[in-house]
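# Close look at the chain arrangement
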Amino acid sequence: MLETLQAAVSYGEKLGADFVEARFDDLTLRTLRRINDTWKDIILKSRTGVGITCYYDATPGYSFTASEDKEDVNETVKRAYKMAKAASTAASLKLDFNERPAVKSQPSDTFNVKVHPRTKDLDFKMDLINRMVESAREAGKDIQNVTGRYGELFGQKIFTNSEGSDINWDFLVVDLPCRVTSKTSTGALVFGSERKAGTLGLEIYKQKGFTPEEIGKAAGEFAAEQITAKACPAGKFTALTDNDLTGVLAHESFGHLSEADFVVMGMSPLVDKIGTRLGTKHATIVDGGVPNITKNGGLWIPYDDQGTKANMTTILDKGILRHYLQNRGTAKNLNQEPTGNCRAVHFGFIPIPRMTNTYFMPGDLTKEEALEQLGTGIYAIQTSGGQVEGDGSFLFKADRGYWVEHGKIQHPIREVSLSGNILQLLTQVEGATRDLSLMGTYFGGCGKGGQHPLPCGLGGPKLLIKDVTFGGQA
Amino acid sequence: MKYDKIKDTLLSEVDSGLKFAQSLDNAAEFELFLYYRSNSNVEIRQGVVKATDGIVAGNAIRAAKDQRVSFSSSSGITPDRIKRSVREAIASLKATSEKDTRFQGFCEPKPPGKEGKFASKILELTTDDLVKFTLQIIGDMSTVNGRILAAADSNISWGGFAIGNTRGLQEVSCSVYNAGSAYAMAIDGEERRTAWEALVTREKPLDVTGLGEKAATKARSLLGAKKLNQTTVLPTLWVPEAAASYVLSSLQQSAKGNNVVEGLSPIAEKLGEKIAGSSFTLVDDGQNPLGIETEAIDAEGYPQKRTTIIKQGVLKQFLFDSYYGQIAEKPLTGNSSRAGGPFGSSLCYEYTPTIIGKNLEVSPGTKTEDELIASIDGQALLIVDVPIGIFHSDVATGEFSAVASSVFLIENGEKKMPLEPISVAGSFYKGLEQLQGIGNNAVMTSLLVKTPSLLIDGFSVTG
């Protein structure tokens, strides 16, 4: 396939393109879903195609095809070139980029796992779900619904460009989530969930703490606990966010604002703030494609979709803004280095600045010390997502939480949502625990510019933040 | 492939694919879905241009035997890719003994409904036209005073899908539309306020006149926001775009037959009961000739229909596809979708059929928005855009907490100053019961829900 891509690059240059990038995805996706006793989804997807970016006068034009046929690929190059040429007439800000040496990948760039999902049959994976669902049923109370899912995405990504780069590596993410819905005595529905996901081999599901039985049990117990949970009070409280929720905070709020396309266009509140103190000394946020997966989890993304090798970028260093998340064009415009953050959901999309694994760095508190420092407030746990606006306003949903008084957990609460402005919030971070955990999921994923769902890793320690606005009962 | 060749080509490949599947296993039941769509888009953000043009093509097959059901999809609609999916689906069937005991078979053939209207002139639009539309939107924004950051895009989308199954169903539907949007960020010192406006049309090519100006003016009007400085319970007036997000997050979710059957809908047991104010009527019209989601058939080949979900506050009907309709023993409503709707996937063929509202419409009331505002005693909030996080609400609980970041204070019947972002929380369903008024200003929103403004009492607000 590399030869076809190289021929496409040459053809684009012959047409008149200043620079050409060609990439090929050959990915396999499997989704399994059991709802109560019913196997609702037994799904296998093959996602194969070619994406071509032609640059003309520093303006990109993009096209794609599901075909591997050389004629079809050449037709795709023509379309990309035509789009670039037409678009260049309208561009008043052009994102040219510097020449760089060709990048060559190595076999070791692919993350090796002991039990790759391609080596296990369907029944093995369905058994994971069955064990998880049965365990959830045993642990739960007044159950209305148990849904167990398994997802895997793996396969080859090939890239070349006008510089002669030759990149070939395999992506991998697996995910095993469980969700239990229970009914309260008043008929209201509440839920609990748990999962283990990331660039992992299936051996992870034999490891203590991550077996299907333990995941199911946790989901069942969390839902049961929510049956008697009180409504989250509305108002401002000190919060302790757990590792997953801290990750969403890093990703949704600060991560998106640090994506350099927003910065170049002046649309991020982080414009012209390099070197400025934005947060307390406890707030350090990084992004990188090659985290210590074995120790902390996350996703393995050694190259981005523009052929840049993964970096570990310190975006916010002890409260001071240091770097943005760049593609090659934005990096030159902002006089920084490319950071390996130019990504596309699949071959049907042009790569744009996106996150890889974004997380807060750990601090020095134990969980007990953090709760003691919290005093009275809310311990917010797990997340079903969040959203941020261009001005830094955000809302995050915690799946569950606890009301804490004098450093002691009092009772569970439900409908926990945190809101505010991220730039304000960073000045209120009062500490972080010393544990660090990351996750990257198959189900869900990041959305931007119509491109979703992109697998991203996120996480961090538990984070102590004062004066957080919680939505809830007035 | 040209637009006028899509139907014949897709139907021919469906027929061949099904024959191939049956040649491998004539005891199994099969359903084959083919998708082909051309998408061209030009986006300009503060002078940076991005242009894309490509064909999304893919196939998906479901195979069923002895109540075991499998699904396989692959990119492309060529015979070799279709055969690849067929082989994978059959292999999955053989690889498991797990059953879906509720599965009763694929969709029976029925006469199709009607496709939506479209203007053939849209098919004649070029990349240069898209550049022109987008530049016009940007230019309109620059006519508004103050510092405005501008982004816009415009696109053309045309294509179709075909479905066949071994029960004799073979249908196809095509559609065309032209869309544009404007995103404005008004800046004053450290304060930033945003607004978004969009147009989608199928009956004529885009006329973007005024779109950019509208977005920029709205963003600018939100500058100078003050703090509400209280935690209390207030009435909230949701303009159409915000009201559409309310309907999508609540009733569209809870009216889906899958959530009803699986015990995840808070209104599952309330058919025939009054669940909203008497003036509230909600229909899903999959046959509205101008609706963006209007097709002759749904994603399983069943004819799309018009379904009344709520009539004058009383819950009348849920939305079903063939799977859940058969389980619930209810009439099918033609609401099967493969990752369609406002949050759909570009590779929609990769998704199994699920249920979605096609073209949801809330019936208009009699009061203008100004009259609704004038009817309010004391304080209230005017929510003028989609609240942040509203789509993260959970269907099962019916409770929500979102942040209205584009919001004005209403005081004693008058619209006052803009407010800093405010957390709004409560129960969607209690809100519908406490509906205080419905505007006469129903419009098609960018969320593909046609709705007027809704005045709702009883939500907690903090800000």
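Computed from a predicted structure; not experimentally measured.

With that out of the way, let us pick up the side chain of Gln428(A). Residue position: Gln428(A) is located in the loop between helix H10 (422-426) and strand S19 (429-432). Overall, the relative accessible area of 8% leaves Gln428(A) in the buried class.

What follows deals with the interface of chain A and chain B. Opposite the 81 residues of chain A that make contact, chain B presents 83 residues. Across the chain A to chain B interface the summed buried area is about 6600 Å²; carbon plus sulfur atoms make up 55%. By the criterion of area lost to chain B, the three top residues of chain A are Met83(A), Met265(A) and Met267(A), representing 10% of everything that side buries. Across the contact surface, chain A and chain B share six salt bridges. Where chain A touches chain B, the interface holds 30 residue pairs in polar contact (both at pLDDT 80 or more). Per-element accounting of the side of chain A that touches chain B gives the leading share, 11 residues, to strand S2 (residues 38-56) of chain A.

The next thing to look at is the domain arrangement of chain A. Residue and element names in this part refer to chain A. Taken domain by domain, chain A comprises domain 1 (2-107), domain 2 (109-156 + 169-229) and domain 3 (235-471). For the pair domain 1 and domain 3, the two sides together bury roughly 2100 Å², of which 60% comes from carbon and sulfur. Its largest share of buried area at the contact with domain 3, domain 1 owes to Arg 23, Leu 95 and Arg 100, together 26% of the area lost on that side. Across the domain 1-domain 3 interface, the total number found is two salt bridges. For the pair domain 1 and domain 3, the interface holds 12 residue pairs in polar contact (both at pLDDT 80 or more). Contributing elements (two or more residues each) for the side of domain 1 that touches domain 3: strand S1 (19-35), S2 and strand S3 (59-65).

In this section: the pairing of strand S16 (residues 407-411) of chain B. Residues and elements named next belong to chain B. Of all the five residues making up S16, four are buried; the element is thus mostly covered by neighbouring parts of the structure. Direction of pairing for strand S14 (residues 379-383) relative to S16: antiparallel, over a ladder of five bridges. Bridged to Leu 382 within S16 is Phe 408. Of the strand pairs in this sheet, S16 and strand S17 (residues 414-419) are connected by four bridges, and their pairing is antiparallel. Each bridged residue has a counterpart across the sheet, and for Glu 411 the counterpart in S17 is Glu 414. Between S16 and the antiparallel strand that follows it, S17, lie two residues; Asn 412 among them carries a positive phi value of about 50°.

What counts and how
- Residues numbered from 1 in each chain as written.
- Chains lettered and ligands numbered in written order.
- Predicted model: local features only at pLDDT ≥ 70, side-chain atom pairs only at ≥ 80, totals over all residues.
- Heavy atoms only, no water.
- Helix = DSSP H or I, 4+ residues; strand = E, 2+ residues; numbered from the N terminus.
- Buried < 20%, exposed > 50% of the residue type's maximum accessible area, 1.4 Å probe, protein only.
- Contact = heavy atoms within 4.5 Å.
- Buried area = accessible area lost by both parts, 1.4 Å probe.
- Salt bridge = Lys/Arg side-chain N within 4 Å of Asp/Glu carboxyl O.
- Polar contact = N/O pair within 3.5 Å; in protein donor to acceptor, adjacent residues only side chain to side chain.
- Domains from an automatic or database assignment.
- Pairing = 2+ DSSP bridges.

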